[in-house]
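A look at the structure
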Amino acid sequence: GDSDTSASTFALAVATPALVSVGVVVVAAGAFQLVPFLINHGILPKVFTEPSRNLRVLGALFATTLALTYGAGELGSTHLLGAFVGGLIFSNVDGTRTAWTTHEPTASWLYSVFFLSVGFR
């Protein structure tokens, strides 16, 4: 009856964020392998060339992280998980650490923006 409907609605409301989070982690596991391979060895080295490689790596990192942050939140998981996954994906890309150190003032500003946005949620 009515209690069965409310119990199933409650169960769905509780399970949805957990299932979406598991889905985000599964997608992240695949992207963690695929994205660095494409950037380091695949067709993308033609695009990620010197002298603008650092800026392009940071741009791709920012765009991917922003998309994953928004997507994870919209699907019912946390925005923070999406941001974490975006950073994790680029942890194996050649030159990411160099790009961050080269653009340290910008990186420091982005850290502040990120933590302020998380704090306001």
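Residues numbered from 1 in each chain as written. Predicted model: local features only at pLDDT ≥ 70, side-chain atom pairs only at ≥ 80, totals over all residues. Heavy atoms only, no water.

From N to C terminus, the protein chain includes 5 helices and 0 strands. Listed N to C, the secondary structure of the protein chain is α-α-α-α-α in terms of helices and strands. For the protein chain, the residues scored as buried account for 26% of the 121 residues in total. Contacts in the protein chain between residues far apart in sequence, at least 24 positions, make up 63% of those at least 6 positions apart. For the protein chain, the computed accessible surface area is about 7900 Å², with 72% contributed by carbon and sulfur atoms. (Helix = DSSP H or I, 4+ residues; strand = E, 2+ residues; numbered from the N terminus. Buried < 20%, exposed > 50% of the residue type's maximum accessible area, 1.4 Å probe, protein only. Contact = heavy atoms within 4.5 Å. Areas by Shrake-Rupley, 256 points an atom, 1.4 Å probe, with all protein chains shown as cover.)

Another point: the environment of Arg53. Checked against the element boundaries, Arg53 lands in helix α2 (residues 53-75). Classification of Arg53 as buried rests on a relative accessible area of 13%.

With 23 residues, α2 extends 32 Å from end C-alpha to end C-alpha; this agrees with the ideal 33 Å at 1.5 Å per step. Taken as a whole, α2 has its buried residues at Arg53, Asn54, Val57, Leu58, Ala60, Leu61, Thr65, Thr69, Ala72 and Gly73. Downstream of α2 by one or two residues, Gly76 has phi in the positive range, about 115 degrees. (Expected span 1.5 Å × (residues − 1).)

Take the confidence of the model for the protein chain next. Within the protein chain, residue pLDDT values average 80, and 89% of them lie at 70 or more. Mean pLDDT values over the elements of the protein chain span from 75, in helix α5 (residues 104-119), up to 85, in helix α3 (residues 79-89). (pLDDT = per-residue confidence, 0-100.)

All right, on to the nonpolar core then. Judged by nonpolar contacts, the single largest core of 16 residues is most densely connected at Val24, Val85, Ile89, Phe90 and Val93. Once residues within four sequence positions are removed from consideration, Val24 is found in contact with Ala72, Ser77, Leu81 and Val85. (Core = buried A, V, L, I, M, F, W, Y, C linked by side-chain atoms within 4.5 Å.)

So, on to the side chain of Thr65. Following the sequence through the fold, Thr65 ends up in helix α2. Ignoring any residue separated from it by four or fewer positions in sequence, one finds Thr65 in contact with Gly82, Ala83, Gly86 and Gly87.

A few words on the packing of α2 against α3. Between α2 and α3, whose axes approach to 7 Å, the crossing angle comes to 150 degrees. As the angle between them shows, α2 and α3 are arranged roughly antiparallel. α3 is crossed by α2, and the crossing has right-handed handedness. Two secondary-structure elements touch here, α2 through Leu61, Thr65, Leu68, Thr69, Tyr70, Ala72 and Gly73 and α3 through His79, Gly82, Ala83, Val85, Gly86, Gly87 and Ile89. Its residues assigned to classes, the contact of α2 with α3 shows 7 nonpolar, 7 polar and no charged. (Axes fitted to C-alpha atoms, helices over the stretch in contact; angles between N-to-C directions. Parallel < 35°, antiparallel > 145°, perpendicular 65-115°, else oblique. Left-handed = near helix turned anticlockwise from the far one by under 90°. Nonpolar A, V, L, I, M, F, W, Y, C, P; charged D, E, K, R; others polar.)

A separate point is the side chain of Thr96. With respect to the helices and strands, Thr96 occurs in helix α4 (residues 96-102). Classification of Thr96 by relative accessible area gives buried; the value is 9%. In this view, Thr96 contacts Val57 and Phe90; residues no more than four positions away in its chain are not counted.

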